[in-house]
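Remarks on the overall topology
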Amino acid sequence: MKRIRDQTYYDLLEVGRGASTEEIRRAYRREKEIFSSTSIAIYSLLEPEELKRINATIDEAYRVLTDERLRAEYDRRLNGLEEKGFSGEPLGTTAIREAHPVQEEPGGIVFPHGFRFTGAGLKGIRESMGIDLKQISQKTKINRQNLEWLEQERFENLPALVYIRGFIIEYAKALNLDPHRVADSYLRSFYQWQNKRKI
Amino acid sequence: MVSLSGDQGDGSEARKGRRTIWTIGGGKGGSGKTFIAVNLGICLSRFGGEVVLIDTDLGGANIHTFLGLSYPKRTLSDFINKRVEGIRDVVMDTDIPNLGLVVGAQDLLNAANPKEPQKWKLIRHINSLDVDYIILDLGAGSSFNVLDFFLISKNEILVATPEPTCIENTYRFIKSAFFRKVKKVISHFGVKEIIDMAMDQRNERGIKTPFDLIELAGEIDKSIGLRLEQELESFRPKLIINQVRTKSDVDIGFSMQSAFLKYFGISMDYLGYIVYDDEVWQSIQKRKPLVLEFPQSRASKCINEITLKLILDKPFLFDSEE
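As the structure is a prediction and not an experimental result, all values here were calculated from the model. (Residues numbered from 1 in each chain as written. Chains lettered and ligands numbered in written order. Predicted model: local features only at pLDDT ≥ 70, side-chain atom pairs only at ≥ 80, totals over all residues.)

1. Structural notes on the environment of Asn-98 of chain B
This is how the line gets drawn: By definition, any uninterrupted DSSP run of H or I lasting at least four residues is a helix, any uninterrupted run of E lasting at least two residues is a strand, and each is numbered from the N terminus.
Checked against the element boundaries, Asn-98 of chain B lands in the loop between strand E3 (92-93) and strand E4 (99-102). Along the chain, Asn-98 of chain B and Gly-41 of chain B lie 57 residues apart, while their C-alpha atoms are 9.5 Å from each other.

2. Things to note about the interface of chain B and chain A
Stated formally: Here, residue contact means that the backbone-derived C-beta atoms of the two residues sit within 7 Å. Classification convention: Asp, Glu, Lys, Arg as charged; Ala, Val, Leu, Ile, Met, Phe, Trp, Tyr, Cys, Pro as nonpolar; all other residues, Gly among them, as polar.
With 42 residues of chain B at the interface, the matching set in chain A holds 37 residues. Per-element accounting of the side of chain B that touches chain A gives the leading share, eleven residues, to helix H12 (residues 247-264) of chain B. Its residues placed into classes, the side of chain B that touches chain A shows 22 nonpolar, eleven polar and nine charged.

3. Some points on the nonpolar core
The test is simple: Only buried residues count toward a nonpolar core: Ala, Val, Leu, Ile, Met, Phe, Trp, Tyr and Cys, linked into one set through C-beta atoms within 7 Å. Three exposure classes are used, based on other C-beta atoms lying within 10 Å of a residue's own C-beta, which is placed from the backbone: buried for 20 or more, exposed for 12 or fewer, and partly exposed in between.
Membership of the largest hydrophobic core comes to 118 residues, with the highest contact counts inside it found for Leu-53, Ile-135 and Ile-240 of chain B. Leave out the neighbours within four places in its chain, and Leu-53 of chain B touches Ala-37, Val-38, Gly-41, Ile-63, Leu-99, Leu-101, Ile-135 and Asp-137 of chain B. Counting residues in hydrophobic clusters, the runner-up holds 16 residues, among them Ile-136, Ile-142, Leu-147 and Val-182 of chain A.

4. Here's the deal with the sheet that holds strand E8 (residues 269-275) of chain B
All names here are of chain B. Keep this limit in mind: Any two strands are treated as partners once DSSP identifies two or more bridges connecting them. Interaxial angles span 0 to 180 degrees and are taken between N-to-C directions of axes, which are lines fitted to C-alpha atoms, for helices over the stretch in contact.
Spatial ordering of the open sheet is given by E3-E4-E2-E5-E1-E6-E7-E8, a layout of eight strands whose pairing is mixed. What marks the edges here is a single partner per strand, and that holds for E3 and E8. Inspection of the sheet shows strand E1 (residues 20-25) paired to strand E6 (residues 156-160) by three bridges, in the parallel sense. Looking at the pairing, Ile-24 lines up with Ile-157 of E6. Strands in contact with helix H2 (residues 33-45) are E1, strand E2 (51-55), E4, strand E5 (133-137), E6 and strand E7 (238-244); relative to E5, the strand with the most contacts, it is inclined by about 170 degrees.

5. A word on the confidence of the model for chain A
This is how the line gets drawn: Along the chain, pLDDT gives the predictor's confidence residue by residue, from 0 to 100.
Across chain A, the average pLDDT comes to 82, with 85% of residues at or above 70. The low-confidence segment residues 85-107 of chain A (pLDDT under 50) makes 31 contacts with residues lying over four places distant or belonging to another chain.

6. Details of helix H8 (residues 144-152) of chain A
Residues and elements named next belong to chain A. What counts is decided by this rule: Regarding the arc, it is the one traced by the directions from the helix axis to the C-beta atoms.
Here H8 has its buried residues at Leu-147, Leu-150 and Glu-151. Along the long axis of H8, the arc covered by the buried residues comes to 95 degrees, so they all point the same way. Contacts made by the buried residues of H8 are with helix H6 (119-128), helix H7 (133-140) and helix H9 (161-174). The positive-phi residue at the C-terminal boundary of H8 is Glu-153, with phi of around 55 degrees.

7. Some details on the pairing of E4 of chain B
All names here are of chain B. With burial as the criterion, each face of E4 is covered, one bearing Leu-99 and Leu-101 and the other bearing Gly-100 and Val-102. Both E2 and E4 contribute to a ladder of four bridges, which runs parallel. Looking at E4, one finds that Val-51 is bridged to Leu-99. Inspection of the sheet shows E3 paired to E4 by two bridges, in the antiparallel sense. Residue pairing across strands places Asp-93 opposite Gly-100, the latter belonging to E4. Counted between consecutive antiparallel strands, the loop separating E3 from E4 contains five residues, among which Asn-98 sits at a positive phi close to 70 degrees.

Okay, here's the thing in structure tokens:
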């Protein structure tokens, strides 16, 4: 990360090198808002002088990047600098913004690779979606007691494996989760329990 | 003393080294740190792991009130004053399965200002507590005590409300936290002196941002400058905006994220926001946690979303072999 004075125009506007004019226009409006003199988000952060300088730089970045000829020239200069070891990587805040949209819709949650869907984990996910067991039971036609045991991983009370798999698939569907991925992950606990019992 | 009823989840063997500590700070009093700590703790406990909430607001402890509990027999001051052996002895049960609580010292002046060795002992004990999740609720202000607790883990959470006064404190708090953090890893006497100077808002060297400090330190010793740069890159506090009323209040989080990165060089994760809800006020009046009393409220949903984001980031629910 570099100081504002060392950031490229692309860094400053938080856009990629290939950004379209429309993207640049949107980014410019956003930055002008953040660094306006009445912006609450930067309250007390900058002296009036600094604020003026930053705004002037943002204006200049916008002027250059929205003018085809000026932008091409700027890119050439940037490429030349990079060859000499100047790194002008984009800041990446835009990527963060896109990767972390606030308030995702229930069911639209992306579970990273390797996430373990345990009984307790599924219960937590269900509760965070504000769905109770009664609703799941109505949707899946699985009785509530079995659903409770499923969440508690009380395998000794549940029927045979093939049924458990069926239950968990229906349960996952009711939560709008990938049913097979959930089942594969969940059943690991079942196999562990089964192995322990054999010993 | 604690007997958290957890019949599911991994055993204590499996969770060794997987414990996660979140510290909740932000400088301004009344921004909702304790409210968030309590409700987050409850949401986390539903995932089956053992959670302990620790009130480190020494001198102004009130986390038990949020849970509708009376002031307990054993508190942190018993630990600080060596009346009990370990921090385990002051963890009390709550009505919520998997959720334990350590109440801060409420009245004792000497507990409100623990001596350095006492503080580090406390921090050491917190770090060795054998549970899955620990949430540290911090007091207001940016005193060294508050900052040291804030920096216990790499999972620092800032709470701010969308008001100029609070935002001003947040910037000051995070700047002080960074300076405090780097002071501990640098042994060069001259650089330490500069860091001390930087702590003063109106310092004569004109150090206003981490960049200024790095530049000055780099002039003294290039390798220290590089070291500080690494520290800056690895510092990734998370932000929650509380008491959000409008769309533009929500956007303040994004704008702060952007300003943090551009001006301070600090990459901050905007975890989410909590809407301003009358039910929050009602739940506090009733001394009942929001997510239990009003689980369908909009604010509860916001807290649930934040919990999921935190938990998805952590290894506890992951298969180790994958």
